[in-house]
2 protein chains.
Amino acid sequence: MMPEDRSTRPLNLERLAASDRVAGALSLAIHEHRLAPGTKLGEDEIGEVYGVSRTIVRAALQRLAHNQLVEIQRNRGAFVAQPSQQEAREVFEARELLEPRTALMAASRATGSDSDSLRAHSAKEHAAIAAGDRGRALHLSGQFHTEIARIAGQTVIAGFIATLIARSSLIIALYWRRESALCESHAHHALIEAISAGDGATARDLMRSHLVDLHTALDLRQTATPARTLKEALLSPESQA
Amino acid sequence: MMPEDRSTRPLNLERLAASDRVAGALSLAIHEHRLAPGTKLGEDEIGEVYGVSRTIVRAALQRLAHNQLVEIQRNRGAFVAQPSQQEAREVFEARELLEPRTALMAASRATGSDSDSLRAHSAKEHAAIAAGDRGRALHLSGQFHTEIARIAGQTVIAGFIATLIARSSLIIALYWRRESALCESHAHHALIEAISAGDGATARDLMRSHLVDLHTALDLRQTATPARTLKEALLSPESQA
DNA sequence: GGACACAACATTGTATACAGTTTCGTACGG
DNA sequence: CCGTACGAAACTGTATACAATGTTGTGTCC
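Residues numbered from 1 in each chain as written. Chains lettered and ligands numbered in written order. Predicted model: local features only at pLDDT ≥ 70, side-chain atom pairs only at ≥ 80, totals over all residues. Heavy atoms only, no water.

Caption draft 1: The overall build of chain A, seen in detail. Scanning chain A for helices and strands turns up ten helices and three strands. Secondary structure elements in chain A, listed N-terminal to C-terminal, are α-β-α-α-β-β-α-α-α-α-α-α-α. Each of the 241 residues in chain A was classed as buried or not, and the buried ones make up 43%. Partitioning the intrachain contacts of chain A with sequence separation of at least 6 by distance along the chain shows that 77% fall at a separation of at least 24. (Helix = DSSP H or I, 4+ residues; strand = E, 2+ residues; numbered from the N terminus. Buried < 20%, exposed > 50% of the residue type's maximum accessible area, 1.4 Å probe, protein only. Contact = heavy atoms within 4.5 Å.)

So, in structure tokens, the structure goes:
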């Protein structure tokens, strides 16, 4: 019989669904901080921008809602999510639990092309920083972590990490404290070296300290929500000085 | 006639979207093993069952796809997911990483009502076993783990664990080996005692060994896909001896 | 002048219609 | 008899229309 009955998957992903395109575009806009937390995402508005019907937009928004990048309120619409301080803490605690372990595994599995991929990624980060595109640099910085999880070969945990990094983007948008932008470039570079050298213990420690550094760069003591709705702004607990 | 309509149960969903109801029903059916992995989930068929249009069904299927309970193939439809052996391994590895830690935290945070809740849950499990309803017992067994994650107060990680448990249900459907059903009752009972007593270290160790026990009860060496479609059954690589 | 009630508007929730793709049966040719 | 080509049926992908809900502006009453 033919060796290809059904096992060979042509995988028609070449033509991806329209909702994927819209979801990706919105996701990128959020990651690059072009869409601020709290922004209302009207269905007609988005559909007009991308030239699709509300059916597609709704599917995309639903997906982003499941990724917790947007919050959908019944009969009211979708808004870019605004993680609470508590959520922010938990997200970074989870990252500090998962990612060092992932870096350790990545170091033991990384091939030459993996190292090249990481280096190429780092170069793009530097380029974005040099160009002054802070949003893009931030997005690439997140992707770097996702890439390491991919190299580690732990698909399931890599999926979790991807979710956490997406949420981290929102958290950074809300709670970032330091003015000195993207101090992470050299941290990433050191990680690349450790992983390429197969030095798992160092990679793990570097990742851990890198995440702690990020975590402590957040200001989780006061609400810094750039609330979009006037009502929310006026109802915030600080506006009664 | 109006008051009659309002008194009917199904319309009692004051603020629950219709797609939530459908997604929940399908999810429950999968968890209770009434829907086997590989089963085709036609949109019209489901819509007819629940009395809703394809719009709702599609939203529900999309959500389940994101939870990885179903797989959606473009232009072909949705099928109950069939986790590979590799995925199965990774899911249980992730559980063994996350859940012992969660049990530890649950022990330190559990209140009296939490203990009561766990005990009530355990009672329901026993009732299901006594009634011979294996599917429901399995579902409740999974819920037990989710409940512990909830008690631990780690919302983010609890979400991950809920996902992992959902997938575990599929994995058990595909790769379960032992005939001695639900050996877990006493394991759960011991866990409840440790958590109620605030003995975190014991709870952690019990959880770890419980998960290892589950993991080793799987047979991940050979493909055991119970293909639903006749065509798939006849085209499977084993049916040509 | 302020608060409440109601109506017009805007937006989301759901159903249906149509278009594109896959699947399956059937007829034809080897 | 087997393989292939073609066409109809079934199903999914997308757009649009209608219904339900929330929001906003206006007018009236106190």
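Caption draft 2: Expanded view of the interface of chain B and chain A. Of the residues lining the interface, 32 residues belong to chain B; the matching set on chain A comes to 29 residues. When chain B packs against chain A, close to 2,600 Å² is buried across both sides, 53% of that on carbon and sulfur atoms. Here chain B and chain A share zero salt bridges between them. At the level of secondary structure, the elements contributing two or more residues to the side of chain B that touches chain A comprise α4 (54–66), β2 (70–73), α5 (85–109), α8 (155–175) and α11 (230–235) of chain B. With eight residues, the top contributor of residues to the side of chain B that touches chain A is α5(B). When grouped by side-chain class, the residues that make up the side of chain B that touches chain A number twelve nonpolar, eight polar and twelve charged. (Buried area = accessible area lost by both parts, 1.4 Å probe. Salt bridge = Lys/Arg side-chain N within 4 Å of Asp/Glu carboxyl O. Nonpolar A, V, L, I, M, F, W, Y, C, P; charged D, E, K, R; others polar.)

Caption draft 3: Looking closely at the protein's contact with DNA strand D. Near DNA strand D, the surroundings consist of 16 residues, among which A:Ser53, A:Thr55, A:Arg76, B:Arg54 and B:Arg58 are the closest. Backbone atoms, meaning sugar and phosphate, make up 70% of the atoms of DNA strand D lying within 4 Å of the protein. One nitrogen or oxygen atom from the main chain of A:Ala18 is found 3.4 Å from a phosphate oxygen belonging to DNA strand D. The separation between a phosphate oxygen of DNA strand D and a polar side-chain atom of A:Ser53 is 2.8 Å. Of all elements in the fold, only α3 (54–66) of chain A together with α4 of chain B reach the threshold of two or more residues within the surface near DNA strand D. Looking at the surface near DNA strand D residue by residue, the classes come out as two nonpolar, six polar and eight charged. (Near = heavy atom within 4 Å. Polar contact = N/O pair within 3.5 Å; in protein donor to acceptor, adjacent residues only side chain to side chain.)

Caption draft 4: Geometry of the pairing of strand β3 (residues 77–80) of chain A. Residue and element names in this part refer to chain A. Taken together, the two bridges between strand β1 (residues 40–41) and β3 define a ladder with antiparallel strand orientation. Looking at β3, one finds that Lys-40 is bridged to Phe-79. Bridge analysis of strand β2 (residues 70–73) against β3 gives four bridges, and the strand direction is antiparallel. Looking across to β3, one finds that Ile-72 is bridged to Ala-78. (Pairing = 2+ DSSP bridges.)

Caption draft 5: Looking closely at unusual backbone geometry. Residues and elements named next belong to chain A. Notably, His-33 is not glycine yet its phi reads approximately 65°, a positive angle. As for its placement among the helices and strands, His-33 is situated in the loop between α1 (18–31) and β1. Positive phi, close to 65°, is recorded for Gln-68, a residue that is not glycine. Position of Gln-68 relative to the elements: it lies in the loop between α3 and β2.

Caption draft 6: The sheet that holds β3(A), seen in detail. In spatial order, the strands read β1-β3-β2 (chain A); together these three strands make up an open sheet with antiparallel pairing. The open sheet has two edge strands with one neighbour each: β1 and β2 of chain A.

Caption draft 7: Expanded view of the packing of aromatic side chains. By the definition in use, this model includes one aromatic pair over all chains. Relative to B:Phe160, the ring of A:Phe160 has its centre 4.1 Å away and its plane inclined at 10°; by these criteria the two rings are stacked. Of this pair, A:Phe160 sits in helix α7 (residues 155–175) while B:Phe160 sits in helix α8, on two different chains. You can call B:Phe160 buried: its relative accessible area is 7%. (Phe/Tyr/Trp six-rings, centres within 6.5 Å; stacked < 30°, edge-to-face > 60°.)

Caption draft 8: Representation of the pattern of salt bridges within the structure. Residue and element names in this part refer to chain B. Using the criterion set out here, one finds 23 salt bridges over all chains in the structure. Put simply, Arg-136 and Glu-32 hold a salt bridge, and the shortest N to O gap is 4.0 Å. Of this pair, Arg-136 sits in helix α7 (residues 134–152) while Glu-32 sits in the loop between α2 (18–31) and β1 (40–41); the two residues are 104 residues apart in sequence, bridging distant segments of the chain. A residue is classified by how much of its surface remains accessible, and Arg-136, at 33% relative accessible area, is partly exposed. Glu-99 is paired through a salt bridge with Arg-95; the nearest N and O atoms lie 2.5 Å apart. Taken as a pair, Glu-99 and Arg-95 lie in helix α5 at a separation of four residues, close to a single helical turn.

Caption draft 9: Focus on the environment of A:Ser27. Residue and element names in this part refer to chain A. The topology assignment puts Ser-27 in helix α1. Taking the C-alpha atoms as reference, Ser-27 lies 9.7 Å from Asn-67; in sequence the two are 40 residues apart. Ignoring sequence-local partners within four residues, the contact set of Ser-27 consists of Leu-64 and Leu-69.

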